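Chain residues, written in single-letter form:
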Amino acid sequence: MKVAVHGVCLLPFLKLMEQYRSGALALLADPVNWITHFTGYWALFLLLVSLAVTPVRRLHPGLSNLIRFRRMLGLYAFFYATLHLATYVFLFSGYDLPTVVAGVRAGHVETITAEWKVVWPTILDDLKKRRFIQVGLFAWVSLAALAATSPAFMLRWMGGKNWQRLHRLVYVAAIAGCVHYWWLVKTGNRAPLPFTLVLTALLLARVAWWGMKRRALAARSSGSPISA
């Protein structure tokens, strides 16, 4: 099953590579814009799928094994979010990637930092002026923190409670991702609405589950049965 999930999660990336290999990207009116939306879409989609694992597995005991796919889905969401950010940095901002690649092949590794110094003022200016970039970067940093602490040894090092507190940040990252999408598209574009509705349902499900747990604990401590 894990191999199958890996394969499904890699399908968008393989499609992107095929679009590049076949030259289909070059035929698009704005290939950079297409890549930006494509990678951002799959980052947010997989992030919401990873968040849906916990409420779905609670529906039936037979679904409990779904929990082993949650971390994998979250890491793939971070992978596509990183591609999304890289598209802006290396394609949209004016970073001359072909020149850098040619320079590195020629042994001039310093072209990496030289080109970065050229585009950094533009990136910084965009970050100051465009709020959708600010909230998008916040979402990526949040996912990066979660990805960095996802290995089991980090869980042991941080302790279960601290690890859980940090990883609740995934909901903040998802909210920031939806806000980023809304602020990115033009007024009247409802493309982010399905993501927002799904996230709202997932957040309400979490609140409802939290309320049920509090109610059960209160009833258990008082020794009274839980009323229907």
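The paragraphs below set out a description of the structure included in this document.

1. A short note on the nonpolar core
As a rule of thumb, nonpolar side chains are buried together in soluble globular proteins.
Working step 1: Counting 31 residues, the largest nonpolar core has Leu46, Leu48, Leu51, Leu73 and Leu143 as its most contacted members.
Working step 2: Mapped onto this core, the elements with two or more residues apiece are α1 (2-22), α2 (31-57), α3 (70-92), α6 (131-148), α9 (169-184) and α10 (193-222).
Working step 3: In contact with Leu48, not counting residues within four places along its chain, are Ala174, Phe195, Val198, Leu199 and Leu202.
Working step 4: With 7 residues, the next largest nonpolar core counts Tyr88, Tyr95, Val119 and Ile123 among its residues.

2. Some thoughts on the side chain of Thr39
Working step 1: As for its position among the elements, Thr39 is in helix α2.
Working step 2: Overall, the relative accessible area of 1% leaves Thr39 in the buried class.
Working step 3: Here the side chain of Thr39 touches Thr36 through a polar contact of 3.2 Å, landing on its backbone oxygen.
Working step 4: Setting aside residues up to four positions removed in sequence, Thr39 forms contacts with Leu16, Tyr80, Leu83, His84 and Thr87.

3. Looking at the packing of aromatic side chains
Working step 1: Tallying each qualifying case throughout the model produces 13 aromatic pairs.
Working step 2: Ring-pair connections join several aromatic residues into one group, and the members of that group are Tyr41, Trp42, Phe45, Tyr181 and Phe195.
Working step 3: Lying over the aromatic face of Trp183, Arg131 brings its terminal NZ or CZ to 4.0 Å of the ring centre.

4. A few points about the pattern of salt bridges
Working step 1: Summed over the entire model, instances satisfying the criterion amount to 3 salt bridges.
Working step 2: Among the salt bridges present, the one from Glu18 reaches Arg21, with a minimum N-O distance of 2.8 Å. Highlighted residues: Glu18 and Arg21, both in helix α1, separated by 3 residues, approximately one helical turn.
Working step 3: Of the residues examined, Glu18 reaches a relative accessible area of 36% and is grouped as partly exposed.
Working step 4: Among the residues examined, Arg21 registers a relative accessible area of 61% and is labelled exposed.
Working step 5: For the salt bridge of Asp125 with Lys129, the shortest nitrogen-to-oxygen distance reads 3.3 Å. Linking Asp125 with Lys129, this pair stays in helix α5 (residues 111-129), spanning 4 residues, or about one helical turn.
Working step 6: Classification of Lys129 by relative accessible area gives exposed; the value is 63%.

5. Topic: a positive patch on the surface
Working step 1: Among the surface-exposed residues, Arg58, Arg70, Lys161, Arg165, Arg168, Arg206 and Lys213 lie close enough to one another that they form a single positively charged patch.
Working step 2: Those elements that provide at least two residues to the positive patch are α8 (160-167) and α10.
Working step 3: Position of Arg168 relative to the elements: it lies in the loop between α8 and α9.

6. Focus: a nonpolar patch on the surface
Working step 1: A surface patch of nonpolar side chains, about 360 Å² in accessible area, is lined by Val8, Leu10, Leu11 and Leu14.
Working step 2: Looking at where Val8 falls in the secondary structure, it is placed in helix α1.

7. Description of the state of the cysteines
Working step 1: Inspection of every chain in the model, using the stated rule, returns 0 disulfides.
Working step 2: Free of any disulfide, Cys9 has its nearest neighbouring cysteine sulfur in Cys178, separated by 18 Å.
Working step 3: Given a relative accessible area of 4%, Cys9 falls into the buried group.

8. Things to note about the packing of α3 against α6
Working step 1: Between α3 and α6, the shortest axis-to-axis distance is 10 Å and the interhelical angle comes to 140 degrees. With respect to each other, α3 and α6 are oriented oblique. As for how α3 packs across α6, the hand of that crossing is left-handed. Of the residues in α6, those in contact with Leu75, Phe78, Ala81, Thr82, Leu85 and Tyr88 of α3 are Ile133, Trp140, Leu143, Ala144 and Ala147.
Working step 2: When its residues are assigned to classes, the contact of α3 with α6 shows 10 nonpolar, 1 polar and no charged.

What counts as what
Residues numbered from 1 in each chain as written. Predicted model: local features only at pLDDT ≥ 70, side-chain atom pairs only at ≥ 80, totals over all residues. Heavy atoms only, no water. Core = buried A, V, L, I, M, F, W, Y, C linked by side-chain atoms within 4.5 Å. Buried < 20%, exposed > 50% of the residue type's maximum accessible area, 1.4 Å probe, protein only. Helix = DSSP H or I, 4+ residues; strand = E, 2+ residues; numbered from the N terminus. Contact = heavy atoms within 4.5 Å. Polar contact = N/O pair within 3.5 Å; in protein donor to acceptor, adjacent residues only side chain to side chain. Phe/Tyr/Trp six-rings, centres within 6.5 Å; stacked < 30°, edge-to-face > 60°. Lys NZ or Arg CZ within 6 Å of the ring centre and 35° of its normal. Salt bridge = Lys/Arg side-chain N within 4 Å of Asp/Glu carboxyl O. Patch = residues over 30% accessible without salt bridge, like charges linked within 9 Å, V, L, I, M, F, W, Y side chains within 5 Å. Areas by Shrake-Rupley, 256 points an atom, 1.4 Å probe, with all protein chains shown as cover. Lys, Arg positive; Asp, Glu negative; His and termini not counted. Charge placed at Lys NZ, Arg CZ, Asp CG, Glu CD. Disulfide = S-S within 2.5 Å. Axes fitted to C-alpha atoms, helices over the stretch in contact; angles between N-to-C directions. Parallel < 35°, antiparallel > 145°, perpendicular 65-115°, else oblique. Left-handed = near helix turned anticlockwise from the far one by under 90°. Nonpolar A, V, L, I, M, F, W, Y, C, P; charged D, E, K, R; others polar.

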